[in-house]
Amino acid sequence: MPAEDEVIVVRTPEEFHDMPEEYQSMATRQMLIHAEGELSGADDYIRVFYPLAPDAEERQVCCERAAEEINHFKVASAVLNDLGVDTSQMSRQSLEERRKLFLTADFHNSTTWAERGVVSWLIEDAVMELLKEMSVSSYRPWADSFRTVIQDERVHIAHGARIVRGLVKDRDGKKQVQAAVDRLWPHSLDVFGSPGSKKAEIAVGWGLRTRTNEQARHDWEVRGGAKVRKMGLTLPS
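Quick summary incoming for the structure in this document. Position labels on residues start from 1 in each chain and follow its written sequence. Residues qualify for local features only when their pLDDT is at least 70, as the model is predicted, and side-chain atom pairs are given and counted only at 80 or more; totals for whole chains, interfaces and linings, by contrast, use all residues. Hydrogen atoms and water are omitted, and side-chain values are computed over all heavy atoms in the structure.

Thoughts on a positive patch on the surface
Nonpolar side chains (Val, Leu, Ile, Met, Phe, Trp, Tyr) within 5 Å and like charges within 9 Å form the patches, drawn only from residues with over 30% relative accessible area and no salt bridge. Areas reported as accessible are Shrake-Rupley estimates using a 1.4 Å probe. Residue values count occlusion only from the protein chains shown. Counted as salt bridges are all cases of a side-chain nitrogen of Lys or Arg within 4 Å of a carboxyl oxygen of Asp or Glu. Neither His nor the chain ends contribute to the count of charged residues, in which Lys and Arg are positive and Asp and Glu negative. The atom standing in for a charge is NZ when the residue is Lys, CZ when it is Arg, CG when it is Asp and CD when it is Glu. A contiguous patch of positive charge on the surface is contributed by R162, R165, K169 and K230. Helix and strand labels come from DSSP, where a helix needs a run of H or I of at least four residues and a strand needs a run of E of at least two; each type is numbered from the N terminus. Residue placement: K230 occurs in helix α10 (residues 213-230).

Structure (structure tokens):
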């Protein structure tokens with residue numbers, strides 16, 4: 001572990017491979033988790049959300065979002081490839097085969113249009129908390145890769161919010177959204193990993209994270225909870 005006040009800056013793949021094994025291992029796993037999450041996000045938009053879409057316009061949006069998620073994977077894959085990490089096998093996996101690093105099966109089982117909206121509005125916004133951390137990573141090529149990714153994800157979140165706002169205008173729609181929040185809010189918290197994780201603390205020390213799991217989760221509970229209440233909804237107890 002570096003000294004508490006030491007600022008870590010790793011600018012190139014060559015410098016990366018000169019770093020201690022602990023740094024390399026933690027950074028590589030973080031990048032692989034993100035890459036897997038982007039691919040699984042594409043599957044969600046095509047396999048899960050597309051069949052639920054109420055009209056052609058929303059189906060087109062699902063296809064566009066899936067294409068963006070695939071592009072995010074390609075961006076992450078390029079950084080990993082520069083480090084000698086091959087991600088080609090990951091891109092050939094099915095969603096079921098890929099559920100090893102990123103969240104659980106329940107996360108990918110949306111069955112209503114309200115859940116589709118809440119996934120983008122809440123889950124993708126929770127993920128945004130981590131994207132912002134990675135955008136200032138001590139491994140600069142990784143940090144720099146998030147410029148367009150974050151822009152795209154903001155659009156995804158805003159579209160999810162529009163879906164939710166449209167649904168909560170009437171009693172039945174609001175009931176559906178509340179049920180979606182009840183089911184998916186715990187999964188938004190799962191995004192931040194296990195509380196008390198020592199690995200997260202080490203990642204902070206190496207500049208691969210800016211917060212521990214507990215800090216990131218707390219920040220999201222405050223911000224995400226405010227979003228839910230502002231929409232006239234309640235958080236599950």
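Picking up after the structure, the text goes on.
A short note on helix α3 (residues 56-82)
Turn by turn, an α-helix covers 3.6 residues, leaving residues three or four places apart pointing in a common direction. In this analysis, the expected span of each helix is defined as 1.5 Å times one less than the number of residues it contains. The end-to-end C-alpha separation of α3 is 39 Å, in line with the 39 Å expected for 27 residues at 1.5 Å each. Three or more residues of α3 are buried, namely E58, V61, C62, R65, A66, E69, H72, F73, A76, S77, V79 and L80. Between a side-chain oxygen at the N-terminus of α3 and the backbone nitrogen of E57 the separation is 3.3 Å; the capping residue is D55. Note on α3: the residue one or two positions beyond its end, G84, has a positive phi of about 85 degrees. Exposure is judged per residue with a 1.4 Å probe applied to protein chains only, and the accessible area is read against the type maximum: over 50% gives exposed, under 20% gives buried, and values in between give partly exposed. Whenever a nitrogen or oxygen atom comes within 3.5 Å of another N or O atom, the pair is scored as a polar contact, on the condition that within protein one atom can donate a hydrogen and the other can accept it, and that pairs from neighbouring residues in sequence are kept only if both atoms are in side chains.

Comments concerning the packing of aromatic side chains
Centres within 6.5 Å make a pair out of two Phe, Tyr or Trp rings, where for Trp the six-membered ring is used; the pair is then stacked when the planes are under 30 degrees apart, edge-to-face when over 60, and tilted otherwise. Taken as a whole and assessed by the stated rule, the structure comprises six aromatic pairs. Both rings, one in Y23 and one in W206, keep their centres 5.6 Å apart while their planes meet at 80 degrees; by these two values the pair is edge-to-face. With Y23 in helix α2 (residues 21-49) and W206 in the loop between α9 (198-205) and α10, the pair connects residues that are 183 residues apart, well separated along the chain. Per residue, the accessibility class of Y23 equals that of W206, and both read buried. On the basis of an interplanar angle of 90 degrees and a centroid distance of 5.0 Å, the ring pair of W142 and F146 is categorised as edge-to-face. Classification of W142 as buried rests on a relative accessible area of 1%. Given the relative accessible area of 2%, F146 is considered buried. Among the aromatic residues, those joined into a cluster by ring pairs are F16, Y23, Y139 and W206.

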